[in-house]
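Next come the chains, spelled out residue by residue.
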Amino acid sequence: MAFYITTPIYYVNAKPHLGHAYTTIVCDTLTRFHRLLGEDTYFLTGTDEHGDKIAEASKKEGCPPQDYVDYVSALFKITWPKFDIKFSDFIRTTEPRHKEVVSRFLEKVNDKGDIYFGEYGGLYCVGCERFYTEKELVDGLCPDHKVAPKFIEEKNYFFRMSNYQDWLIDYIKQNPDLIRPERFRKEVLSFLSEPLEDLCISRPKTRLTWGIDIPFDKNYVTYVWFDALINYITALGWPDGEKYAHYWPYAEHCVAKDILKPHAIFWPTMLQSAGLPIYKHLNVHGYWQMDKDKMSKSVGNVVDIFTLREEFGVSAVRYFLMREMNFGLDSEFSYKRVLERYNSDLANDLGNLWQRSITMLKKYSGGIVSSSALSSLAQDSDWENTLKLLVKDYTIHFSHMRPSEALKRVWEFVSSLNKRIDVDAPWELAKSEDNRQKLDLVLASLVKGLALIGALIWPVMPITGEEFWRRLGLAPESITLDSAAITLALGHGKVIEPGEAFFKRAEKEPEPGAKEKQVSSKDSKEKAPEGRPEVITYDDFAKLDLQTGLILEAEAVKKSEKLVKLTIKLSDTLRTIVAGIRKSYTPEELVGQSVVIVANLAPRELMGIKSHGMLLCASGPDTLSLLTPSREVPPGSQVS
Ligand code: MSP
């Protein structure tokens, strides 16, 4: 079996925020879950870079659209790995491979006779990049952007979407889980009970040039949604690519309800017209809200994911997002709620289970699991059935797109093991040698339970799951849900140590920027040493990504005597760095200088501006001096 999942490709007019992170983490989690099942997976994400909205945003930033999209797209691309998100491919709609596929697709739909030229007047929302009918507006305003759409009248190309209305209704009825959860399927069918209009798929170049040319009329560019949806097949190399043949039959899209209509109506009708099979599932989730409003850049209520990550650690952020939101329903975000879940589910339930179990294993059995107890346990049908049922329920929940339910089920098991410790009281059993067998059995069941939990949480919390396995003496690369394989691997006879607590209790609501509370081997290794060591290893040095950059713009930061905001060109991206060098350099002196920057420093906010890196300077007695390469090298050259 194969598995192919996609996130929406995100508009590059906003930086990644919690809403984007949620969908992307859902897709990463699902991909990992399918990998656990032994399937061949492919996970696609990327950025949507054409259209009015992006053209306007780049104008506002005062930079050419290509530079602007390069910069924001790179931000998305470098953000995801910081959340343990491992995509197979990152697609950008400005790439040549995509432009080619869009042209081919348009030709195909045109050859079918499904495109015509006509005049259209309608109410257009720039934010949504689409026309609205009067009925769809709320008090005359766009329901998402809360602004009055503009009336626009012009000649354009249209896709005969209406021809496919009856076919689509039948297709949705015959494939009951095509759109899930059910409420969104109903919403789409109800929308389709009214006559469907044709889709305007072009924009005249007199109004917009930032798009993909319509292949049969160079005076027009392609409507951004028609362009964007096609990304899902571009990445697989449609029409002849091997990946297309292999993965497309298993395609799953994951989106929030804001873009239900393009995915549930435009996309399947486009596919049908071009003669391609329809995706397998459209998975639709609700909104993360703040004070009952959708979290979005336009409302200005977005949660900074980097601060959240700094405060709680990646595993806890991923866990919170997957556990807290019921897939399909809206969820209210609050720091208080993150803290509650962190303390109750992670520190108390999971962290304590680990600590109690392995501390007792150490104390009563020298940290070694008895292999005869492991074998007896494997013969215990009650215990084995409990594990089997757990894995089955978990698998069903994930397969039906219910990550929160899957985790809830795992936590029921965590609680049952915590209770088992209280009931079996190993400390009592340890008082008499007569109870040795029973004690070994209890300890073995705890260790086996923890190994299985490590595998079950791995799709959601990869670092923690892998660290469970590592500390249990198991190879994280072989992580599995298979009970017999776990038993076999646990019979290694090595000493297991409890190690540092996985999730230390957080006592109060953390302030933004507070210390990371999650402890795992990876995180602790990454902690900065106190004071500077006399010697560091080459590996320590190699962690620094030092690059040359060219300062394109420099602007004094208002209300600060020291800070200057710099736009720096690296090899193919632009960086914003805020540097405290104004007392030594005027902004004019800085423009055009080649500098050396630390490119992989965690972003920091200075006077409300996010700084993505640091300049290297030598500190003289009363002035700073920028480090600059002594010969000319291209921006983005590695410094080592
Ligand atoms: N570019 C289009 C998608 C084209 S796909 C062919 C687009 N981009 S977007 O940047 O606006 O991203 C929208 C998506 O971001 C949502 O569908 C959802 O996946 C995610 N979210 C953005 N804000 C969100 C919330 N407040 N809550 C949950 N998800 C959110 O639309």
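Use the structure listed above.
Residues numbered from 1 in each chain as written. Predicted model: local features only at pLDDT ≥ 70, side-chain atom pairs only at ≥ 80, totals over all residues. Heavy atoms only, no water.

Caption draft 1: Structural view of the overall build of the chain. Tallying secondary structure elements over the chain gives 23 helices and 26 strands in all. Against the 2.2 N^0.38 benchmark of 26 Å for 640 residues, the chain shows a C-alpha radius of gyration of 28 Å, consistent with a compact globule. Reported as C-alpha extents along the three principal axes, the dimensions of the chain are approximately 90 × 75 × 45 Å. For the chain, the share of sequence-separated contacts (at least 6 apart) that also reach a separation of at least 24 residues comes to 74%. (Helix = DSSP H or I, 4+ residues; strand = E, 2+ residues; numbered from the N terminus. Rg over C-alpha atoms; globule rule 2.2 N^0.38 Å. Contact = heavy atoms within 4.5 Å.)

Caption draft 2: Expanded view of the packing of aromatic side chains. Using the criterion set out here, one finds 42 aromatic pairs in the structure. On the numbers, 5.5 Å between centres and 15 degrees between planes, the contact of Y116 with F158 is stacked. Residue Y116 is found in strand 5 (residues 115-125), and its partner F158 is found in strand 7 (residues 150-159); the two are separated by 42 residues along the sequence. Judged by its relative accessible area of 25%, Y116 is partly exposed. (Phe/Tyr/Trp six-rings, centres within 6.5 Å; stacked < 30°, edge-to-face > 60°. Buried < 20%, exposed > 50% of the residue type's maximum accessible area, 1.4 Å probe, protein only.)

Caption draft 3: Just the side chain of D52, in detail. Mapped onto the elements, D52 comes out in helix 2 (residues 52-61). By relative accessible area, which is 8% here, D52 ends up buried. Setting aside chain neighbours within four positions, we find D52 in contact with Y124, V126, E129, R207 and L208.

Caption draft 4: Region of the structure containing the site of the ligand. The full set close to the ligand counts 24 residues, and I9, T23, D48, D258 and M295 are the nearest of them. The separation between a nitrogen atom of the ligand and a polar main-chain atom of I9 is 2.8 Å. For the ligand, a nitrogen atom lies 2.9 Å from a polar atom in the backbone of W288. Contact with the protein chains hides 95% of the accessible area of the ligand, taken as 670 Å² for the molecule alone. Elements with a contribution of two residues or more to the shell around the ligand: strand 2 (10-11), helix 1 (18-36), helix 7 (224-229) and helix 8 (231-234). (Near = heavy atom within 4 Å. Polar contact = N/O pair within 3.5 Å; in protein donor to acceptor, adjacent residues only side chain to side chain. Areas by Shrake-Rupley, 256 points an atom, 1.4 Å probe, with all protein chains shown as cover.)

Caption draft 5: Highlighting the sheet that holds strand 17 (residues 331-332). Overall, mixed pairing links the 3 strands, which are arranged 16-15-17 in an open sheet. Single-partner strands in this sheet number two, and they are strand 16 (293-294) and strand 17. Across 2 bridges, strand 15 (residues 288-290) lies against strand 17 in parallel orientation. Residue pairing for strand 17: Q289 is matched across the bridge by E332. (Pairing = 2+ DSSP bridges.)

Caption draft 6: Expanded view of unusual backbone geometry. Going from R180 to P181, the amide bond is cis rather than trans, its omega being 0 degrees. Relative to the elements of secondary structure, P181 occurs in the loop between strand 8 (179-180) and helix 6 (182-191). Cis geometry marks the peptide bond from W238 to P239; its omega dihedral reads 5 degrees. Tracing the backbone through its elements, the reader meets P239 in the loop between helix 8 and helix 9 (242-247). Phi angles above zero are rare outside glycine, and K146 is one such case at about 55 degrees. The class of K146 is exposed, set by a relative accessible area of 54%. The backbone of M607 shows a phi angle near 50 degrees, a positive value even though the residue is not glycine. In this structure, M607 sits in the loop between strand 22 (604-606) and strand 23 (609-611).

Caption draft 7: Main features of helix 16 (residues 403-424). If you check helix 16, its first and last C-alpha atoms are 32 Å apart, about what 22 residues at 1.5 Å a residue would give, namely 32 Å. Downstream of helix 16 by a residue or two, A425 has a phi angle that is positive, lying close to 40 degrees. (Expected span 1.5 Å × (residues − 1).)

Caption draft 8: Highlighting the pattern of salt bridges. According to the stated counting rule, one finds 34 salt bridges in the structure shown. Residues R436 and D440 are paired through a salt bridge, measuring 2.8 Å at the closest nitrogen-oxygen approach. Note that R436 and D440 are positioned in helix 18 (residues 436-457) at a spacing of 4 residues, about one turn of the helix. Given the relative accessible area of 25%, R436 is considered partly exposed. In the salt-bridge network here, residues are joined through shared partners; they are E324, K336, R337, E340, R341 and D345. (Salt bridge = Lys/Arg side-chain N within 4 Å of Asp/Glu carboxyl O.)

Caption draft 9: Quick look at the nonpolar core. Of all hydrophobic cores here, the largest spans 172 residues; its most connected members are F105, W248 and W267. Per-element tally for this core: the top contributor is helix 18, with 13 residues. Residue assignment places this core across two domains, with domain 1 (2-303) and domain 2 (333-490) each supplying three or more. W267 has contacts with F105, L229, I230, Y232, I233, W248, H253, P262 and Y279, leaving out every residue within four places of it along the chain. Counting residues in each nonpolar core, the second largest holds 16 residues, with I551, L566, L590 and I597 among its members. (Core = buried A, V, L, I, M, F, W, Y, C linked by side-chain atoms within 4.5 Å. Domains from an automatic or database assignment.)

Caption draft 10: Layout of the sheet that holds strand 6 (residues 130-132). Strand order in the open sheet formed by 4 strands is 6-5-7-9, with antiparallel pairing between adjacent strands. At either margin of the open sheet sits one strand with a lone partner, and together these are strand 6 and strand 9 (199-200). Strand direction decides the pairing type here: strand 5 and strand 7, joined by 10 bridges, are antiparallel. Bridge pairing in strand 7 links G121 to E153.

Caption draft 11: How the structure looks around helix 15 (residues 381-399). Counted at 1.5 Å a residue, the expected span for helix 15 with its 19 residues is 27 Å, and the 26 Å between its end C-alpha atoms agrees. Considered for burial, the residues of helix 15 that qualify are W383, E384, L387, L390, V391, Y394, T395, H397 and F398. In an axial view of helix 15, the angular spread of the buried residues amounts to 165 degrees, which keeps them on one side of the axis. Turned more than 90 degrees away from the buried face of helix 15, the exposed residues are D382, K388 and K392. Close packing links the buried residues of helix 15 with helix 1, helix 14 (371-379), helix 16, helix 18 and helix 20 (483-490). (Arc of directions from axis to C-beta.)

Caption draft 12: Region of interest: the pairing of strand 19 (residues 564-569). Where strand 18 (residues 546-556) lies against strand 19, 6 bridges are found, and the strand directions are antiparallel. Within the sheet, the bridge partner assigned to E555 lies in strand 19 and is K565. Here 6 bridges tie strand 19 to strand 20 (residues 574-579), and the two strands are oriented antiparallel to one another. Within the sheet, the bridge partner assigned to K569 lies in strand 20 and is L574.

Caption draft 13: Structural context of the packing of helix 13 (residues 335-365) against helix 16. Packing of helix 13 against helix 16 leaves a shortest axis separation of 10 Å and a crossing angle of 45 degrees. In this view, helix 13 runs oblique relative to helix 16, as classed from their interaxial angle. Seen from above, helix 13 lies across helix 16 with left-handed handedness. Of helix 16, the residues touching helix 13 (which contributes D345, L346, D349, L350, N352, L353, R356, S357 and M360) are W411, V414, L417, N418, I421 and D422. The class makeup of the residues in the contact of helix 13 with helix 16 is 8 nonpolar, 3 polar and 4 charged. (Axes fitted to C-alpha atoms, helices over the stretch in contact; angles between N-to-C directions. Parallel < 35°, antiparallel > 145°, perpendicular 65-115°, else oblique. Left-handed = near helix turned anticlockwise from the far one by under 90°. Nonpolar A, V, L, I, M, F, W, Y, C, P; charged D, E, K, R; others polar.)

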